[in-house]
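These are the residues of each chain, in order.
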Amino acid sequence: MNAIEARGLSKRYRKQWALQDCSFDLPMGRVAALVGPNGAGKTTLLHIAVGLLAPTSGSITTLGDRPAIDEDMLSRVGFVAQDTPLYRNLTGEEMLAYGAHTNSEWDGDFARDRLRSIGIPLDRKTATLSGGQRAQLALALALAKRPQLLLLDEPLASLDPLARREFLGTLMEGVATDDVTVVLSSHLVADLERVCDHLMILANGRLQLNGTIEDLLDEHRVLVGLRATGTKRRAIGGVVDVVEENVTGRQATLVVRTDGPIVDPKWEEYEVSLEDLVLAYLGRRSNPHDADEPVRAVGAGRPR
Amino acid sequence: MIEFRLDQRSGVAPYLQLAQQVRHSIRLGYLRPGDQLPRVKDVVGSLAINPNTVLKAYRELEREGLVEGRPGVGTFVLRGLDGPSPRAHVALQRALERWLRTAFEAGLDAEAIRGMFETTLQDTREVAS
């Protein structure tokens, strides 16, 4: 079973398409990074997946059924919204008690242990906690539900580096303990490289890329060669798509997707880093199908 | 028990770094046969890394016969690693220092030395295997 399956998923707000024709599978057990610039549709996608929004067209299932279809589904899916909402007048201890009361399955001990070990005071009202402490508390509460699928919307955005590390540490402890499938959205990828094994790139409401990070890094390469060679790049053996192209002087640098070994000796071949891969896909203006259009003039690449 | 560290910029895959640190600790005696490796949950909690990274490192060490996973209990060191004796270690270190001094006197800089070392290491290994 897949944790999430989407087919032709689209969402329109008035005249604006926030999501267009997104189709993907997210297998169980993955820790997925949902990456894209602000306004790319990440929040919309997550809200549809938890059942807070209905799609304009297309379909989606979470854990094999319609999002938020019944109590059982609600208890199996955890969601932490962007602003880590907590009851401001309750203490951490009161929030834990509230969670224990409202959830059929509840592991308060895990939450308490982890929060104590990183020094989050449970006797203070949540309004008086720092941003990092509130994020930790919201995450611990979400994990205490023991969800099978946990969705986190920009959980790191407002955290300093130490708080990020601690937050991701708590999350990974949860994953190691309970095997929960995780999707976390972010506009940065650097923080996620250590924790995620799956990558989804969203830009302009369209899904640009979806797969395990290992596979994606395997099938993409950076090629460096003479600019003149660049004009015939569609003939490069092993290349199925040029994702990004930069020209400086006589040198052309390409980020390409491959379907086998590069067989053209005119190009030097390098591995691509996760960060460069993400930037290459975010840098392309239009959707991936444009690759089938006639070759753009060399030099049309995004300048660095 | 040992504590793992990760160097993001080393270019070495994180799981290989973890496996290397275990081997290093065994060689230096921080870890002895029968000792338990840090639990996956604790490693991922402190380093904030994907559990699969730790599992992969432990599987690699298991394949080498260095450690053994006991389901539901943990992963334990099976045997030691024989490094050179302390005396041989010191002698090798001295010889290397002498060689380095000669190299500097001959006008090589650190980068050139590293390059020469890497290629020679590779060639020697190929010949040995």
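Chemist: Is there a simple way to explain the pattern of salt bridges in this structure?
Modeler: All names here are of chain A. Counted according to the given criterion, the structure contains 15 salt bridges over all chains. Ionic pairing is found between arginine 76 and aspartate 72, a salt bridge with its closest N-O pair at 3.2 Å. Here arginine 76 and its partner aspartate 72 are both found in helix α2 (residues 71-76), four residues apart, which amounts to about one turn of the helix. With relative accessibility at 42%, the residue aspartate 72 sits in the partly exposed group. Between arginine 112 and glutamate 93 there is a salt bridge; the shortest N-O distance is 2.9 Å. Placement of the pair is arginine 112 in helix α4 (residues 108-117) and glutamate 93 in helix α3 (residues 92-102), with a sequence separation of 19 residues. For arginine 112, a relative accessible area of 22% puts it in the partly exposed group. In this structure glutamate 93 comes out as partly exposed when scored by relative accessible area, which is 31%. Within the structure, one salt-bridge network assembled from shared partners comprises Glu93, Asp109 and Arg112.

Chemist: Quick question: what am I supposed to make of the packing of helix α2 (residues 40-47) of chain B against helix α3 (residues 51-63) of chain B here?
Modeler: Helix-helix packing is characterised by the crossing angle of the two axes and by the distance between the axes. Residues and elements named next belong to chain B. Orientation of α2 relative to α3, taken along the N-to-C sense of each, is 130°, at an axis distance of 9 Å. In terms of orientation, α2 and α3 fall into the oblique class. Crossing of α2 against α3: the hand is right-handed. In contact with Val40, Val43 and Val44 of α2, α3 contributes Pro51, Val54, Leu55 and Tyr58. In terms of residue class, the contact of α2 with α3 is made up of seven nonpolar, no polar and no charged.

Chemist: How should I be thinking about the confidence of the model for chain B in this particular structure?
Modeler: Any segment with low pLDDT has predicted coordinates that should not be analysed in fine detail. Confidence in the prediction for chain B averages 90 pLDDT; 98% of positions are at 70 or higher. Across chain B, the secondary-structure element scoring lowest on mean pLDDT is helix α5 (residues 110-128) of chain B, at 87, and the one scoring highest is α3(B), at 96.

Chemist: Help me understand the pairing of strand β10 (residues 220-226) of chain A, please; the structure alone is not making it clear to me.
Modeler: Strand residues, when the strand is regular, have side chains that alternate between the two faces of the sheet. Residues and elements named next belong to chain A. Of all seven residues making up β10, six are buried, and the element is well covered by its neighbours. Here β10 pairs with strand β12 (residues 251-258) via seven bridges, running antiparallel. Bridge assignment links leucine 223 to a residue of β12, and that residue is leucine 254. Judged from the four bridges that link them, β10 and strand β13 (residues 268-271) form a sheet pairing that is antiparallel. Pairing of valine 224 across the sheet is with glutamate 268, part of β13.

Each value, and the rule that gives it
- Residues numbered from 1 in each chain as written.
- Chains lettered and ligands numbered in written order.
- Predicted model: local features only at pLDDT ≥ 70, side-chain atom pairs only at ≥ 80, totals over all residues.
- Heavy atoms only, no water.
- Salt bridge = Lys/Arg side-chain N within 4 Å of Asp/Glu carboxyl O.
- Helix = DSSP H or I, 4+ residues; strand = E, 2+ residues; numbered from the N terminus.
- Buried < 20%, exposed > 50% of the residue type's maximum accessible area, 1.4 Å probe, protein only.
- Axes fitted to C-alpha atoms, helices over the stretch in contact; angles between N-to-C directions.
- Parallel < 35°, antiparallel > 145°, perpendicular 65-115°, else oblique.
- Left-handed = near helix turned anticlockwise from the far one by under 90°.
- Contact = heavy atoms within 4.5 Å.
- Nonpolar A, V, L, I, M, F, W, Y, C, P; charged D, E, K, R; others polar.
- pLDDT = per-residue confidence, 0-100.
- Pairing = 2+ DSSP bridges.

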